[in-house]
Amino acid sequence: MTRVLIHKAKSLKGEFTPPPDKSITHRAIMFASLAEGKSIIRNPLMAEDPISTMNAMRALGVEIIEQQSSRAKEQQSKDAATMSCYNNELIIYGKGLNGLKEPFDVINCGNSGTTARLISGILAGNPFFSVLTGDDSLKQRPMARVINPLRQMGAVISARQGDKYLPMAIRGGSLKAIRYEMPVASAQVKSCLILAGLYADGVTEIIEPQRSRDHTERMLRSMGAAIEVEGLKIRVRPLSSVLSPVDITIPGDFSSASFFIVAGLIVPDSEILIKNVVLNSTRTGLLEVIKKMGGEVRIENMRDVSGEPVGDIYVRTASSLKAVKVGKDLMPSMIDEFPVLCVLATQAEGITEIRGAEELRVKESDRITAMATELKKMKVELKEYPDGIAIKGRSSLKAAQVDSYNDHRIAMSLAIAGLIAEGETVINNPECVDISFPGFFSVLEKLMKA
Ligand code: S3P
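So, a few notes on the structure that sits alongside this text. (Residues numbered from 1 in each chain as written. Predicted model: local features only at pLDDT ≥ 70, side-chain atom pairs only at ≥ 80, totals over all residues. Heavy atoms only, no water.)

### Describing the nonpolar core
Note the cut-off: The term nonpolar core refers to a set of buried residues drawn from Ala, Val, Leu, Ile, Met, Phe, Trp, Tyr and Cys, joined through side-chain atoms within 4.5 Å. Note on exposure labels: buried denotes an accessible area under 20% of the residue type's maximum, exposed denotes more than 50%, and partly exposed covers the range between, all computed with a 1.4 Å probe on protein chains only. Each helix corresponds to a stretch of at least 4 residues labelled H or I by DSSP, and each strand to a stretch of at least 2 residues labelled E; elements are numbered beginning at the N terminus. By the convention used here, residues are in contact when the closest approach between their heavy atoms is within 4.5 Å.
Counting 77 residues, the largest nonpolar core has Phe260, Ile266, Ile274 and Phe440 as its most contacted members. Per-element accounting of this core gives the leading share, 9 residues, to helix H10 (residues 254–266). Other than its neighbours up to four places away in sequence, phenylalanine 440 contacts Phe259, Phe260, Met412, Ala415, Ile416 and Val433. Residues Ala28, Leu138, Ile147 and Ile206 belong to the second largest nonpolar core, which totals 69 residues.

As structure tokens, this is what we get:
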């Protein structure tokens, strides 16, 4: 077992660029594979999850060439650990919507729910046999949410334990358009059905209960797909011509930035500039919570990068934070920020209640129980609910030996908690940060030293 030690920080100072966005990288790789011709993906996230997507598309016959930009080579010689995931390039020779080939073997999606769920929409539209599997965590995550609607569209699918979990086998082809009211807000399910809709025989209508991240709609539209969005309703028409190849630059990941936004607010005497971050409002619910708590986060240098709003985030220590209630309405736009919001809540005066968060139980780990168990070890007073957590602030945290549950976002959130804990925090199995943020601990060290 590996472990990392975190000491209480006196201050955090400096600037950094978070790794490229994970969600947008997955989509760029998949959609470029479905386009006709050569796409260039600049600055993709070369971390474990998107690599699962890349391997999956290769298994379906797509040629993907990885290269480093000259800037990446320069930077890597300076700081290999921190820089390895920046400024790479992928050249993807798309096969067109109907040019994929039957995979020779089972496709392993690793730890990546986005790979498994989105690709199942593509496989459902293709007239061949394929099997998806994943690691022990992914094999316990719900797949019925994509299997049920894809079956209604006509795909033949069976999966483990009564068609609930990976491995799952898909025989796709000739899909019919459906109208589908999604029971849970999920960008992964929505994207799966949009992709299947491109292959269907009419207009597919998807209704979300709440708006989830919209990177799929933005990118596919820019490639020529007919996708209309009207409130919570999305209409997808079958592709009438081809998807155009893209030359796209992936901006920094807000979810990766969020660990340092919280750290900047709660560590004394801190000032951090986080550069080049996606600020799409379907992702930035955490900023609304911070504002309600009384924390100050300044957005600078707003611009458009490949169809996504991007800016720099300036954060400094909050003089005081007050507890807030966070309900279901905000959850989809801060779904991945729940663990680090729990850490922030320990420093807000009063009881912060986060409810309507039951989806967090079926992420890479049960993130409600994971945060409740580990923060309790650090002497935080809290109460766990089936759909969330209540956390008492301001707590003085005590260092403890804590576990990552092999979940990247739990490992990083506990590292941030360690920065304000008295003593030496030990995090077991921290290497899972490589799923989304290779170099996380180097960035942390750099900001502590500055
Ligand atoms: C993602 C959507 C979210 C999020 C995940 C990435 C995506 O999952 O938790 O990390 O890229 O579409 P759900 O859509 O299942 O909530």
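Next comes the rest of the description.
### Description of the site of the ligand
Heads up, the condition is: Whether a residue is near a molecule or strand depends on its heavy atoms: it is near if one of them lies within 4 Å of it. Between N or O atoms, a polar contact is any pair within 3.5 Å; within protein, one atom must be a potential hydrogen donor and the other a potential acceptor, and residues adjacent in sequence are included only when both atoms are from side chains. Methods summary: accessible areas were calculated by the Shrake-Rupley approach with a probe of 1.4 Å, and residue burial reflects only the protein chains presented. Classes in brief: Ala, Val, Leu, Ile, Met, Phe, Trp, Tyr, Cys and Pro nonpolar; Asp, Glu, Lys and Arg charged; the others, Gly included, polar. Note that domain bounds follow an automatic or database assignment of domains.
Every residue lining the ligand is accounted for by Ser23, Arg27, Thr114, Ser186, Ala187, Gln188, Arg213, Ile335, Asp336 and Lys363. Serine 23 is positioned with one of its side-chain polar atoms (N or O) 2.7 Å from an oxygen atom of the ligand. Measuring from an oxygen atom of the ligand, one finds a backbone N or O atom of glutamine 188 at 2.9 Å. Within the complex, the protein chains bury 96% of what would otherwise be the 380 Å² of accessible surface of the ligand. Sorting the residues of the shell around the ligand by element identifies helix H1 (22–34) and helix H8 (187–199) as the ones contributing at least two each. Looking at the shell around the ligand, its residues break down into 2 nonpolar, 4 polar and 4 charged. Both domain 1 (3–18 + 251–449) and domain 2 (22–248) contribute no fewer than three residues apiece to the shell around the ligand.

### Quick word on unusual backbone geometry
Following leucine 166, the chain continues into proline 167 via a peptide bond in cis, with omega recorded as -5 degrees. Considering the arrangement of structural elements, one finds proline 167 in strand E9 (residues 165–171). Of note, the amide linkage connecting glycine 393 to arginine 394 takes the cis form, showing an omega dihedral of -10 degrees. By the secondary structure assignment, arginine 394 is in the loop between strand E21 (388–393) and strand E22 (397–398). In this structure, asparagine 301 is a non-glycine residue whose phi angle is positive, near 60 degrees. In the Ramachandran plot, lysine 379 falls in the positive-phi region, its phi being about 70 degrees despite a non-glycine side chain. Take lysine 379: it is sitting in the loop between helix H13 (367–377) and strand E20 (382–385).

### Concerning the sheet that holds strand E12 (residues 227–230)
Here is the rule we go by: The pairing criterion is simple: DSSP has to find at least two bridges between the two strands. Angles run from 0 to 180 degrees between N-to-C directions of axes, and those axes are lines fitted to C-alpha atoms, restricted for helices to the stretch in contact.
Strand order in the open sheet made by the 4 strands is E10-E11-E13-E12, with mixed pairing throughout. Each having just a single partner strand, strand E10 (179–181) and E12 make up the two edges of the open sheet. The mean inter-strand angle of the sheet, taken between neighbouring strand axes irrespective of direction, is 15 degrees. Note that E12 and strand E13 (residues 233–236) share 4 bridges and pair antiparallel. Bridging from a neighbouring strand, isoleucine 227 pairs with valine 236 of E13. Helix H9 (residues 215–222) rests against E12 and E13 of the sheet, and its axis sits at about 140 degrees to E12.

### A word on the pattern of salt bridges
How we decide: In what follows, salt bridge is the name for a side-chain nitrogen of Lys or Arg lying within 4 Å of a carboxyl oxygen of Asp or Glu.
All told, the structure shown has 39 salt bridges when counted by the stated rule. Residue aspartate 336 is joined to arginine 213 by a salt bridge in which the shortest nitrogen-to-oxygen separation is 3.3 Å. Residue aspartate 336 is found in the loop between strand E18 (325–326) and helix H12 (338–345), and its partner arginine 213 is found in the loop between strand E11 (204–207) and H9; the two are separated by 123 residues along the sequence. Measuring nitrogen to oxygen at the nearest pair gives 3.6 Å for the salt bridge that ties aspartate 312 to arginine 303. The class of aspartate 312 is buried, set by a relative accessible area of 7%. On the basis of relative accessible area, arginine 303 is assigned to the partly exposed category, the value being 29%. A single network of salt bridges, built from pairs that share partners, joins Arg141, Arg213, Asp336, Glu364, Arg367, Asp407 and Arg409.

### Points about the sheet that holds E18
Within the open sheet, the 4 strands sit side by side as E18-E19-E21-E20. Their pairing is mixed. For this open sheet the edge positions go to E18 and E20, each flanked by a neighbour on one side alone. Where strand E19 (residues 350–354) meets E21, 5 bridges bridge the pair, whose relative direction is antiparallel. Among the inter-strand pairings, isoleucine 354 is bridged to a residue of E21, identified as isoleucine 389. In the packing of H13 onto the sheet, contacts are made with E20 and E21, and the angle to E20 comes to roughly 160 degrees.

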